[in-house]
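Take a look at the letters that make up each chain.
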Amino acid sequence: MRMQAAELFEQDVKPPEVARRLRVSPKSAYQWHQLWCEGGVQALASRGPSGSRCRLSPRCLEKLAAYLEQGPAEHGWVEDQVWTAARVATLIGRKFHVSYSVSGATRLMHRLGFSPQVPARRVAERDEPAVTAWKEATWEEVKERGRPAGATSASRTRQDSPAVRPKAAPGADGAAPRS
């Protein structure tokens, strides 16, 4: 987009018009114009992605991918076979002596083609066959039934019509309803 702006500036198009044509803020267009005036098209060239650089070398990234392929049990997590972002951050610290945040480890995993998993939280004493049997036999009996269709109104705040209002109710003195 900056290169398009540079072409427009070379055609003497003013920054507000550049902003309108490229659908950017006027502030961005004025900043680009100033950079273009000071350094030409090269000043508007991209400087690459922003943000901090990867703290692992390409060789370390290859090793990390190999470690992830081996699975969590190979590296001490035997309770389940999922790579969480926290585990990967810990693994990076152990193997490469580099500190990564959980979100940083998540981005790094995605970059390597992996996705962090969230293990199911279950108690260690859970008896799966008993849970399955209970769901099949008992759940249908104890599950609360829903209300029958038509038992509720779509508008609970709507008042009854004057014809069905009790005689002692306010406004039931025979006055005509407001329209």
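Located above this text is the structure these notes cover.
The structure reproduced in this document is the subject of the present report. All residue numbers here refer to positions counted from 1 along the written sequence of the relevant chain. Confidence filtering applies because this is a predicted model: local features only for residues at pLDDT of at least 70, side-chain atom pairs given and counted only at 80 or more, and all residues used for totals across whole chains, interfaces and linings. Each side-chain value is worked out from all heavy atoms of the structure, with water and hydrogens disregarded.

**Focus on the nonpolar core**
Formally: What we call a nonpolar core is a set of buried Ala, Val, Leu, Ile, Met, Phe, Trp, Tyr and Cys residues that are connected through their side-chain atoms within 4.5 Å. Categorising residues by exposure relies on relative accessible area from a 1.4 Å probe, with only protein chains included: less than 20% of the type maximum marks a residue as buried, more than 50% marks it as exposed, and the intermediate range marks it as partly exposed. In this description a helix means any DSSP run of H or I spanning at least four residues, a strand means any run of E spanning at least two, and both kinds are numbered starting from the N terminus. Throughout, a residue-residue contact means that at least one pair of heavy atoms, one from each residue, lies within 4.5 Å.
Grouped together as the largest cluster of nonpolar side chains are 19 residues, with contacts concentrated most on Leu-56, Leu-64 and Ile-92. Those elements that provide at least two residues to this core are α4 (58-70), α5 (85-96) and α6 (102-111). Setting aside residues no more than four positions away along its own chain, Leu-64 makes contact with Leu-56, Leu-91, Ile-92, Phe-96, Leu-108 and Leu-112. Of all hydrophobic cores here, the second largest spans 13 residues; its members include Ala-5, Ala-6, Leu-8 and Phe-9.

**Thoughts on the layout of surface pockets**
Rules: Residues are said to line a cavity or pocket when one of their atoms sits within 4 Å of a point; the points come from a 1 Å grid over protein atoms alone, cavities being sets where a 1.4 Å probe fits but cannot get out and pockets being open sets with protein on both sides within 12 Å along at least five of seven lines. Grid points are joined across faces, edges and corners, and a volume is the space filled by probe spheres set on the points. Three classes are used, and their members are as follows: Ala, Val, Leu, Ile, Met, Phe, Trp, Tyr, Cys and Pro are nonpolar, Asp, Glu, Lys and Arg are charged, and the others, Gly among them, are polar.
Reported here for the second largest pocket is a volume of approximately 230 Å³. Around the second largest pocket sit Ser-52, Arg-53, Cys-54, Arg-55, Tyr-100, Ser-101, Gly-104, Arg-107, Leu-108 and Arg-111, which together line it. By residue class, the composition of the lining of the second largest pocket is 3 nonpolar, 3 polar and 4 charged.

**Re the pattern of salt bridges**
Rules: In the sections that follow, a salt bridge refers to a side-chain nitrogen of Lys or Arg positioned within 4 Å of a carboxyl oxygen of Asp or Glu.
Per the stated rule, a full pass over the model turns up 4 salt bridges. Salt-bridge contacts for Glu-17 lead to Arg-20; the nearest nitrogen and oxygen are separated by 2.6 Å. With Glu-17 and Arg-20 both in helix α2 (residues 15-22) and 3 residues apart, the pair spans about one turn of that helix. A residue is classified by how much of its surface remains accessible, and Glu-17, at 24% relative accessible area, is partly exposed. Here Arg-87 makes a salt bridge to Glu-79, at a shortest N to O gap of 3.0 Å. Judged by relative accessible area, which is 56%, Glu-79 ranks as exposed. Linked through salt bridges whose partners overlap, the residues forming this network are Glu-17, Arg-20 and Arg-21.

**Examining a nonpolar patch on the surface**
Note the following rule: Only residues whose relative accessible area exceeds 30% and that form no salt bridge enter a patch; like-charged residues are grouped when within 9 Å of one another, and nonpolar side chains (Val, Leu, Ile, Met, Phe, Trp, Tyr) when within 5 Å. Here the accessible surface of atoms and residues is derived via Shrake-Rupley with a 1.4 Å probe, and residues count as covered only by protein chains that are part of the display.
On the surface, Trp-134, Trp-139 and Val-142 cluster together to form a nonpolar patch covering roughly 320 Å² of accessible area. Here Trp-134 shows up in helix α7 (residues 128-137). With a relative accessible area of 42%, Trp-134 lands in the partly exposed category.

**Quick word on the packing of helix α1 (residues 2-10) against α2**
The angle between the axes and the distance between the axes are what describe a pair of packed helices. For clarity, the threshold we go by: Each axis is a line fitted through C-alpha atoms, and for a helix only the stretch in contact is used; angles between axes span 0 to 180 degrees, taken between their N-to-C directions. Note on angle classes: values under 35 degrees are labelled roughly parallel, values over 145 roughly antiparallel, values of 65 to 115 roughly perpendicular, and the remainder oblique. Helix crossings are classified by the rotation of the near helix relative to the far one: an anticlockwise turn of less than a right angle makes the crossing left-handed, while a clockwise turn makes it right-handed.
Where α1 meets α2, the closest approach of the two axes is 10 Å, and the angle between their N-to-C directions is 140°. Considering the angle they form, α1 stands oblique to α2. At the point where α1 passes α2, the crossing takes the right-handed sense. From α1, Gln-4, Ala-5, Leu-8 and Phe-9 reach across to α2, where they touch Pro-15, Val-18, Arg-21 and Leu-22. In the contact of α1 with α2, the residues fall into 6 nonpolar, 1 polar and 1 charged.

**Observations concerning α1**
Heads up, the condition is: Within this analysis, the arc is defined by the directions that extend from the helix axis to the C-beta atoms.
Restricting attention to buried positions, one finds in α1 the residues Ala-5, Ala-6, Leu-8 and Phe-9. Viewed end-on, α1 has its buried residues packed into an arc of 165°, placing them on one side of the element. Asp-12 sits one or two positions beyond α1 and adopts a positive phi of about 65°.

Read these as layout, nothing more, since geometry by itself doesn't imply function.
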